[in-house]
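Spelled out, the chains give:
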Amino acid sequence: MNKPILLSTPHMGDRELEFVKAAFDTNWIAPVGPHIDAFEQEFCQVTGAGYAAAVSSGTASLHLALQLVGVESGDEVFCSTLTFVATANPITYLGAKPVFIDSDRTSWNMSPELLQSALEHRAQIGKLPKAVVLVHLYGQSADIDPILKVCDQYDLPLIEDAAEALGATYKGHSPGTFGRIGIYSFNGNKIITTSGGGMLVANDPQLIAKARFLATQARDPAPHYQHAEIGYNYRLSNVLAGIGRGQLLVLSERVAARRRNFEIYASALANLPGIKFMPEADYGQATRWLTCLTIDAEAFGANREQIRIALAAKQIETRPVWKPLHLQPVFAECECIGGAVAEDLFVHGLCLPSGSNLTDEDLERVISGIVEIHYKNKGLSKL
Ligand SMILES: *Cc1c(COP(=O)(O)O)cnc(C)c1O
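Reference entry: report on the structure contained in this document. Computed from a prediction, not measured in an experiment: that's the story for all the values here.

Now for the overall build of the protein. The helix and strand tally for the protein stands at 13 helices and twelve strands. Computed over the C-alpha atoms, the radius of gyration of the protein is 21 Å, within 12% of the 21 Å expected from 2.2 N^0.38 for a compact globule of 383 residues. Viewed in the frame of its principal axes, the protein has a C-alpha envelope of about 80 × 60 × 35 Å. Within the protein, the fraction of its 383 residues that count as buried is 55%. Across the protein, every contact between residues at least 6 apart in sequence was considered, and the portion connecting residues at least 24 apart equals 71%. Of the charged side chains in the protein, 32 are positive and 41 negative; the average position of the first set lies 4 Å away from that of the second.

Here Asp155, not a glycine, exhibits a phi torsion of approximately 60°, which is positive. Among the secondary structure elements, Asp155 is positioned in the loop between helix H6 (144-153) and strand S5 (158-161). A relative accessible area of 65% means that Asp155 is categorised as exposed. At Arg288, a position not held by glycine, the phi torsion is positive, near 55°. Look at Arg288 and you get buried, because its relative accessible area is 6%.

A few words on helix H8 (residues 238-249). The end-to-end C-alpha distance of H8 is 17 Å, a good match for the 16 Å that twelve residues give at a rise of 1.5 Å each. Most of H8 sits inside the fold, with ten of its twelve residues counted as buried. Regarding H8, the residues found buried are Asn238, Val239, Ala241, Gly242, Ile243, Gly244, Arg245, Gly246, Gln247 and Leu248. Against the buried residues of H8 lie helix H1 (16-25), helix H2 (34-47) and helix H9 (251-269). Residue Ser237 occupies the N-cap position of H8, its side-chain oxygen lying 3.0 Å from the main-chain nitrogen of Val239.

This paragraph deals with the site of the ligand. Every one of the 14 residues lining the ligand counts as a neighbour, but Thr59, Asp161, Glu164, Ser185 and Lys190 are closest to it. The contact in question runs from an oxygen atom of the ligand to an N or O atom on the side chain of Ser185, over 2.7 Å. Contact with the protein chains covers 94% of the free accessible surface of the ligand, which is 380 Å². Grouping the amino acids of the shell around the ligand by side-chain chemistry returns three nonpolar, eight polar and three charged.

A ring pair, where both rings are aromatic, is described by two values, the distance of the centres and the angle of the planes. The full count for this structure, using the stated rule, is 13 aromatic pairs. Relative to Phe331, the ring of Phe100 lies with its centre 5.3 Å away and its plane at 65°, an arrangement referred to as edge-to-face. In this pair, Phe100 sits in strand S3 (residues 97-101) while Phe331 sits in the loop between strand S10 (319-320) and strand S11 (336-337), placing the two residues 231 residues apart along the sequence. Ring geometry for Tyr138 versus Trp322: centroids 6.3 Å apart, planes at 5°, classification stacked. Here Tyr138, found in the loop between strand S4 (131-135) and H6, pairs with Trp322, found in the loop between S10 and S11; they are 184 residues apart in sequence, far enough to count as distant. In this structure Trp322 comes out as partly exposed when scored by relative accessible area, which is 23%. Through a chain of ring-to-ring contacts, three or more aromatic side chains come together here, namely Phe84, Trp108, Tyr138, Trp289 and Trp322. Arg219 extends its terminal NZ or CZ atom over the ring of Tyr225, reaching a point 3.9 Å from the ring centre.

Conventions we followed
Residues numbered from 1 in each chain as written. Predicted model: local features only at pLDDT ≥ 70, side-chain atom pairs only at ≥ 80, totals over all residues. Heavy atoms only, no water. Helix = DSSP H or I, 4+ residues; strand = E, 2+ residues; numbered from the N terminus. Rg over C-alpha atoms; globule rule 2.2 N^0.38 Å. Buried < 20%, exposed > 50% of the residue type's maximum accessible area, 1.4 Å probe, protein only. Contact = heavy atoms within 4.5 Å. Lys, Arg positive; Asp, Glu negative; His and termini not counted. Charge placed at Lys NZ, Arg CZ, Asp CG, Glu CD. Expected span 1.5 Å × (residues − 1). Polar contact = N/O pair within 3.5 Å; in protein donor to acceptor, adjacent residues only side chain to side chain. Near = heavy atom within 4 Å. Areas by Shrake-Rupley, 256 points an atom, 1.4 Å probe, with all protein chains shown as cover. Nonpolar A, V, L, I, M, F, W, Y, C, P; charged D, E, K, R; others polar. Phe/Tyr/Trp six-rings, centres within 6.5 Å; stacked < 30°, edge-to-face > 60°. Lys NZ or Arg CZ within 6 Å of the ring centre and 35° of its normal.

Take a look at the structure:
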């Protein structure tokens, strides 16, 4: 029996346990402590962010971010449609409604042209959204400059969901640090992990102070427990922040390993008919958090789902590209501007095993699995 090859699994370095042990030795087993402060500072050094607040998940950081920019019940928020549901769920936590925006083909991320024309139209009819949530998908930055420009033009706060894009660059800087607020995730499948966790960053220290306040039950300074606002229990554990400090030390190695996976897949598979890899936009470097490709079924000899099922039978886990949120039953009532690009990427797109801890044998098994499907379905012999 072959060992299972999974999509993206945690990959610890050499130092995480030391940091965790230090937390135990000093009894900082709490959602406050020196590892949290250090993790926030070190995260700012790595990303170039001004200020950071460590929280319990990427989803929690998005919830706080939306509240911090003033999203309220009845508001609309523009949001990328090609993404994980966690990007949009917090919009609904606040009683607001997402309006989805399609991707472009060069980055698979929100189309700046589409956003601009949608906002022009909304300005004309006096129905601007309250904020824009921009996703940097699969480790690749969206084209931030034109998006930021149009947000500024209409005085709309930009929230960047960089959950999948830690370690990527946009014109030399970290995606997540351009908008009013950026968020990151340290879930178990992300490029680095604390098992679960998130980070909220901003250049305005008051936003970060307010995020910390809301994340600790909105407790006012007083000797007794005093509250004038509704808050949340969203802080990261000091133990988990210790894991995060260790993981930050190996971030660049993790990026290099994932990019290497991509290079190996691409050099072995890109010449097969019907296979195209997710393009890398020329304004930056993607982390290739997941290696994604699209399949033209006719040319290749099998469609995305047939490939996924055939690989699953060989204990190889792959996943379809995110199902666009405007196609999700839970968002059936929501407006979507465009949508054909995201739908096409969903129907044809597949994510390959991409962990930074995959071995060359693992990669070879995935590659030969895909090659085999092609030759078998096309009735060709490999020789
Ligand atoms: C993982 C992810 C999130 C949510 O992060 P969690 O830490 O799992 O809550 C949000 N957006 C995107 C794009 C993600 O991939």
